[in-house]
Amino acid sequence: MATGTATTLAGILQKATVQQTVIGIPVLKGFTDIGERLQLLNGRSDYSNLEIWDQYHFGGYAKKTPGLVSFMNDIYKEYQLPTDFVYTAKMMYAVFDQLKTPVFKAGSHILCLHTGGLQGNNSLPAGSLIF
């Protein structure tokens, strides 16, 4: 899931089993206090089933690159899935990028949590997106 304040991440971790890996993709550059936030929200920060992929922020909160916008259009063309450049496109880009590696075991079930935020796309220049 895309991670902004870590509140959704904290809630998911409360119900995830140890057999389920929870992956947070921070959308903020230099987001280094996730453990402290989880401690505050959940009373703990030591989750053996938590992974943080912090290399997909595309420059930081609400930042984008032409490549990310192109990915947004591609994923919409292929799957009719609208994403936003603040949160969900970064998360989906991370998942698709990691699918090229052996990070996911064969037979894994992957659930991507789309948390909304599409209204942010209204700030893009007209014609940037095909949806």
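Above this text is the structure in question.
Predicted model only: the values in this text are computed from it and were never measured.

Trainee: Explanation requested: the overall build of the protein chain in the structure shown.
Mentor: A tally of regular secondary structure across the protein chain gives four helices and three strands. Along the protein chain, from the amino end to the carboxyl end, the secondary structure elements read β-α-β-α-β-α-α. Compactness check: the protein chain gives a C-alpha radius of gyration of 15 Å against a globular reference of 14 Å for 131 residues, within 12% of the reference. C-alpha atoms of the protein chain, sized along the principal axes, occupy 45 × 35 × 20 Å. When each of the 131 residues of the protein chain is scored for burial, the buried share is 37%. Sequence-distant contacts, at least 24 apart, represent 68% of the contacts inside the protein chain between residues at least 6 apart. Counting only carbon and sulfur atoms, one obtains 53% of the accessible surface of the protein chain, whose full area is about 7700 Å². Averaging the locations of the 10 positively and 9 negatively charged side chains of the protein chain gives two centres separated by 3 Å.

Trainee: Teacher, can you tell me more about the packing of aromatic side chains here?
Mentor: Geometry of an aromatic ring pair is reported as the spacing of the ring centres plus the angle between the planes. For the coordinates displayed, the defined rule picks out eight aromatic pairs. Taken together, a centroid distance of 5.9 Å and an interplanar angle of 75° make the contact between Tyr-61 and Tyr-87 edge-to-face. Within this pair, whereas Tyr-61 is found in the loop between β3 (50-52) and α3 (66-79), its partner Tyr-87 is found in the loop between α3 and α4 (88-98), the two being separated by 26 residues in sequence. On the basis of relative accessibility, which here comes to 44%, the residue Tyr-61 falls in the partly exposed class.

Trainee: It is not clear to me how the environment of Ser-108 should be interpreted in this structure. Could you clarify?
Mentor: Positionally, Ser-108 belongs in the segment after α4. Once the C-alpha coordinates of Ser-108 and Ala-10 are considered, the two residues, 98 residues apart in sequence, prove to be 22 Å apart. Here the side chain of Ser-108 touches Lys-105 through a polar contact of 2.5 Å, landing on its backbone oxygen.

Trainee: Which parts of the structure should I look at to understand the pairing of strand β2 (residues 22-26)?
Mentor: Across a regular strand the side chains alternate sides, sitting on one face of the sheet and then on the other. Within β2, five of the five residues are buried, which leaves the element mostly enclosed by the surrounding structure. Along β2, one buried face is formed by Val-22, Gly-24 and Pro-26 and the opposite face, lined by Ile-23 and Ile-25, is buried too. Across two bridges, the pairing between strand β1 (residues 2-3) and β2 is parallel. In the strand pairing of β2, Ala-2 is matched with Ile-25. Considered for its hand, the β-α-β crossover made up of β1, helix α1 (residues 7-15) and β2 is right-handed. In this sheet, β3 lies alongside β2 in parallel orientation, the contact comprising three bridges. When the bridges of β3 are listed, Gly-24 appears paired with Ile-52. Handedness of the β2-helix α2 (residues 34-42)-β3 crossover: right-handed.

Rules of the game
Residues numbered from 1 in each chain as written. Predicted model: local features only at pLDDT ≥ 70, side-chain atom pairs only at ≥ 80, totals over all residues. Heavy atoms only, no water. Helix = DSSP H or I, 4+ residues; strand = E, 2+ residues; numbered from the N terminus. Rg over C-alpha atoms; globule rule 2.2 N^0.38 Å. Buried < 20%, exposed > 50% of the residue type's maximum accessible area, 1.4 Å probe, protein only. Contact = heavy atoms within 4.5 Å. Areas by Shrake-Rupley, 256 points an atom, 1.4 Å probe, with all protein chains shown as cover. Lys, Arg positive; Asp, Glu negative; His and termini not counted. Charge placed at Lys NZ, Arg CZ, Asp CG, Glu CD. Phe/Tyr/Trp six-rings, centres within 6.5 Å; stacked < 30°, edge-to-face > 60°. Polar contact = N/O pair within 3.5 Å; in protein donor to acceptor, adjacent residues only side chain to side chain. Pairing = 2+ DSSP bridges. Right-handed = clockwise from strand over helix to strand, strands pointing away.

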